[in-house]
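Observations on chain architecture
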Amino acid sequence: MIGVRQVPGPRYGLDRSADHGRAMGWLTAQMAACRQEGFPGLRVAVDMSWALRPVTGVEQLPEFEEGVAAALAGSTVSVLCQYDRERFDPVTLATVSAFHTRSVAAATYHADATLRICRQYAPPGIRLAGEIDYQHAEPLALALTEAIRFDGDITVNMTALAFIDGSCARMIVDAARGLAEGRTVVLHCNPGIKATFVLLGAGDMAGVKLVSEHDR
Amino acid sequence: MTDRARMEVAGSGQGAAARDGEPPALDQAFDGDSLFALRATVAAHGSRAGLSEGRTRDLVLAVHELAANAVRHGAGQGRLRLWTAPDRVRCEVIDGGADAESPGAEAADAALWHVEPGHGLWLVRRIADGASVQSDPSGTVAAVSFRLGTPRRPAPFRLDRRAEGGCTILTVTGQLDLGSSGEFGAAVGELIAAAPGLRLVLDMSALTWWDSSGLAALITAQQRISHDRSARMIVACLPGPLAGRLREAGLASQFTLADSTAAALTALTSPG
């Protein structure tokens, strides 16, 4: 039997010292509740972006991860810690990776020396980096299709995209246009590729929001 | 869209071979696997010839679209030739290579190059300073040119605003490009936010040139003005060659043009 529930996680607030303890207390309580209800195991997914907030801070991470690793030892509980690669620096990621039995990269649709297409967690959507042209239309189409299945607004993060050709730009615009009314696709561009989207008419399209560092 | 725009100039005698004797600065074969390298090479040549950063990006995109067209819808391969003259960079993309080694069926197929909106040429027309496609039995040649700025140091970018007769006149001096279009967009945004029903005249008499970012900034400004039904914008004194570019890009109908700021002010203040 599998039960899925969304439980509000512990809130990380102003009291630095209490945060780590509260999170561990919450996890232990959940583990006990599951045992009591007869579930054979528990899986928890945690968005680790909280560690980037100024009042908690990255310095608490190793302690937190160590505590979680200790609590899980010998149990049938697994915790998935989600780190956004764009927001956490490589040194922090290397430090915390030691506490994890396994590491998985974010859903990656394409990765080679010239192009990387992967999922982005916050804000939800996809991220493109490098150079993309029609030859990579297939992984782009898959990434867009999966992103569109998320609820709400989605972001196509192209801030690190050095080149996009007309056919891929058009594919992104078409995907955005096909979205249900009330949903928005944010096309986050760098100034160098924004013009291509404007020339394709994306600047005046319902459901498409074109932003770049230029904008205020 | 069933309507295909087919461009062919048969028997014009202006095929790949009949070019003004000057040897090209770059003559490179390409196929689907070498477009990345082609883009890098073209970027280096464009930048070295003196094109601005934004214009170099435009050149790379234009050449890529033409080369990708030859790969996907033509012979599957081709040649790029690039010349630099004092006043412009010119590129030819020759579908199928058009050399003596492959004169067979491929070249004959390539002679009919269907140009559809989805096939990139439409985008090329919007960003290049000149674009043409010619076909004859030896193959299809697509050419683009990008104007080089004057060798003299160009006027630095500047925006000046003044009020006159209930209208705002924004004078744009220098290049409206990748470097300056952000400042232009922000200035127009501030004017729109400050005055509902804005009547804006863009005085373009001192505009030297634009790149695709500059053109996009103009389009965006017009779109933002159009969101406010009572606001209006007139583009005044656009230098002749740029007005021509706007027409060739198929964008002239999006703007209201005027020959002088006086004419623009009259149009904005007259009832109806």
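Everything quoted here is computed from the prediction, not taken from an experiment.

Conventions we followed
- Residues numbered from 1 in each chain as written.
- Chains lettered and ligands numbered in written order.
- Predicted model: local features only at pLDDT ≥ 70, side-chain atom pairs only at ≥ 80, totals over all residues.
- Heavy atoms only, no water.
- Helix = DSSP H or I, 4+ residues; strand = E, 2+ residues; numbered from the N terminus.
- Buried < 20%, exposed > 50% of the residue type's maximum accessible area, 1.4 Å probe, protein only.
- Contact = heavy atoms within 4.5 Å.
- Phe/Tyr/Trp six-rings, centres within 6.5 Å; stacked < 30°, edge-to-face > 60°.
- Lys NZ or Arg CZ within 6 Å of the ring centre and 35° of its normal.
- pLDDT = per-residue confidence, 0-100.
- Disulfide = S-S within 2.5 Å.
- Axes fitted to C-alpha atoms, helices over the stretch in contact; angles between N-to-C directions.
- Left-handed = near helix turned anticlockwise from the far one by under 90°.
- Nonpolar A, V, L, I, M, F, W, Y, C, P; charged D, E, K, R; others polar.
- 1 Å grid on protein atoms, 1.4 Å probe; cavity = no way out; pocket = protein on both sides within 12 Å on 5 of 7 lines; lining within 4 Å.
- Points joined across faces, edges and corners; volume = space filled by probe spheres on them.

**Things to note about the overall build of chain A**
Broken down by element type, chain A carries six helices and eight strands. Tracing chain A from N to C terminus, the helices and strands come up as α-β-α-β-α-β-β-β-α-β-α-β-α-β. Among the 216 residues that make up chain A, the fraction classed as buried is 42%. Within chain A, contacts between residues at least 6 apart in sequence are counted, and of these 62% link residues at least 24 apart.

**Overview of the packing of aromatic side chains**
How two aromatic rings sit relative to each other is given by the distance of their centres and the angle of their planes. All names here are of chain B. In this structure the tally under the stated criterion is zero aromatic pairs over all chains. The lysine or arginine in question, R90, covers the ring of W83, its NZ or CZ lying 5.0 Å from the ring centre. Across from the ring centre of W209, 4.0 Å away, lies the NZ or CZ of R147, which sits over that ring.

**Some words on the confidence of the model for chain B**
All names here are of chain B. Looking at chain B, pLDDT values average 84 and 82% of them are 70 or higher. Taken element by element, chain B is modelled with least confidence in strand β1 (residues 5–6), mean pLDDT 34, and with most confidence in strand β10 (residues 199–203), mean pLDDT 97. Scored below 50 in pLDDT, residues 97–117 makes 39 contacts in the model with residues more than four places away or belonging to other chains. Interface scoring of the predicted complex returns ipTM 0.85; its pTM is 0.76.

**Remarks on the state of the cysteines**
Residue and element names in this part refer to chain A. Using the criterion set out here, one finds zero disulfides over all chains in the structure. The structure places no disulfide on C118, whose sulfur is separated from the nearest cysteine sulfur, that of C168, by 16 Å. Its relative accessible area of 3% is what places C118 among the buried residues. Distance from the sulfur of C189, which forms no disulfide, to the nearest cysteine sulfur (C168) is 13 Å.

**A few points about the packing of helix α1 (residues 35–49) of chain B against helix α2 (residues 53–73) of chain B**
Residues and elements named next belong to chain B. The geometry of α1 relative to α2 is characterised by a closest axis approach of 9 Å and an angle of 145° between their N-to-C directions. Crossing hand, α1 versus α2: right-handed. Only T56, L59, V60, V63, H64, A67 and A68 of α2 make contact with α1, whose side of the interface consists of L35, L38, R39, V42, A43, G46 and S47. Of the residues that constitute the contact of α1 with α2, the class distribution is nine nonpolar, four polar and one charged.

**Quick word on empty space enclosed by the protein**
In the structure shown here, the tally under the stated rule is one cavity of 30 Å³ or more. Of the volumes computed, that of the largest cavity is approximately 30 Å³. The wall of the largest cavity is formed by A:G192, B:G54, B:R57, B:D58, B:L178, B:D211, B:S212 and B:S213. Of all elements in the fold, only α2 and α6 (212–227) of chain B reach the threshold of two or more residues within the lining of the largest cavity. Here the lining of the largest cavity takes three residues from α2(B), the largest share from any one element. A per-class count over the lining of the largest cavity returns one nonpolar, four polar and three charged.

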